[in-house]
Amino acid sequence: MFPIWIDLAIGGAVLSLVMFVRTAYVDRKQEKDFIEAHGKTYIQRMKKEKKKRFSTELKD
């Protein structure tokens, strides 16, 4: 059997790895949601600009 401090060190390393993976997953999901939201905003702005440009061309 290992000394207790070795067991605690291994447990701490495993816990640290689990927390790292969990944090990376949450971070990636937040970044994806952020990019998706801003992408939708950009697309909407481009559609408005296209409508504006098209209506201006029809008036001329």
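Summary of the structure given here. (Residues numbered from 1 in each chain as written. Predicted model: local features only at pLDDT ≥ 70, side-chain atom pairs only at ≥ 80, totals over all residues. Heavy atoms only, no water.)

Brief notes about the overall build of the chain
1) Next: In terms of regular secondary structure, the chain is built from one helix and zero strands.
2) Next: Computed over its C-alpha atoms, the radius of gyration of the chain comes to 26 Å, more than 25% above the 10 Å expected for a compact globule of 60 residues.
3) Next: C-alpha extents for the chain along the principal axes are approximately 85 × 10 × 10 Å.
4) Next: Counting only residues that meet the buried cut, the chain has 0% of its 60 residues in that class.
5) Next: Surface accessibility of the chain: about 6,200 Å² in total, with carbon and sulfur atoms responsible for 67%.
6) Next: Between the centroid of the 13 positive side chains of the chain and the centroid of its 8 negative side chains there is a distance of 8 Å. (Helix = DSSP H or I, 4+ residues; strand = E, 2+ residues; numbered from the N terminus. Rg over C-alpha atoms; globule rule 2.2 N^0.38 Å. Buried < 20%, exposed > 50% of the residue type's maximum accessible area, 1.4 Å probe, protein only. Areas by Shrake-Rupley, 256 points an atom, 1.4 Å probe, with all protein chains shown as cover. Lys, Arg positive; Asp, Glu negative; His and termini not counted. Charge placed at Lys NZ, Arg CZ, Asp CG, Glu CD.)

Overview of the pattern of salt bridges
1) Next: Scanning the model with the defined rule gives two salt bridges in all.
2) Next: Among the ionic pairs, aspartate 33 bridges to lysine 29, the shortest N-O distance being 3.7 Å. Of this pair, aspartate 33 and lysine 29 both sit in helix α1 (residues 4–59), four residues apart, roughly one helical turn.
3) Next: Among the residues examined, aspartate 33 registers a relative accessible area of 40% and is labelled partly exposed.
4) Next: Of the charged contacts, one joins glutamate 36 and lysine 40 as a salt bridge, the two residues approaching to 3.7 Å between their closest N and O atoms. (Salt bridge = Lys/Arg side-chain N within 4 Å of Asp/Glu carboxyl O.)

A look at a nonpolar patch on the surface
1) Next: Together, Ile4, Trp5 and Leu8 make up an exposed nonpolar region whose accessible area comes to about 410 Å².
2) Next: With respect to the element layout, isoleucine 4 can be found in helix α1. (Patch = residues over 30% accessible without salt bridge, like charges linked within 9 Å, V, L, I, M, F, W, Y side chains within 5 Å.)

Without other data, these values stay purely geometric and don't point to any function.
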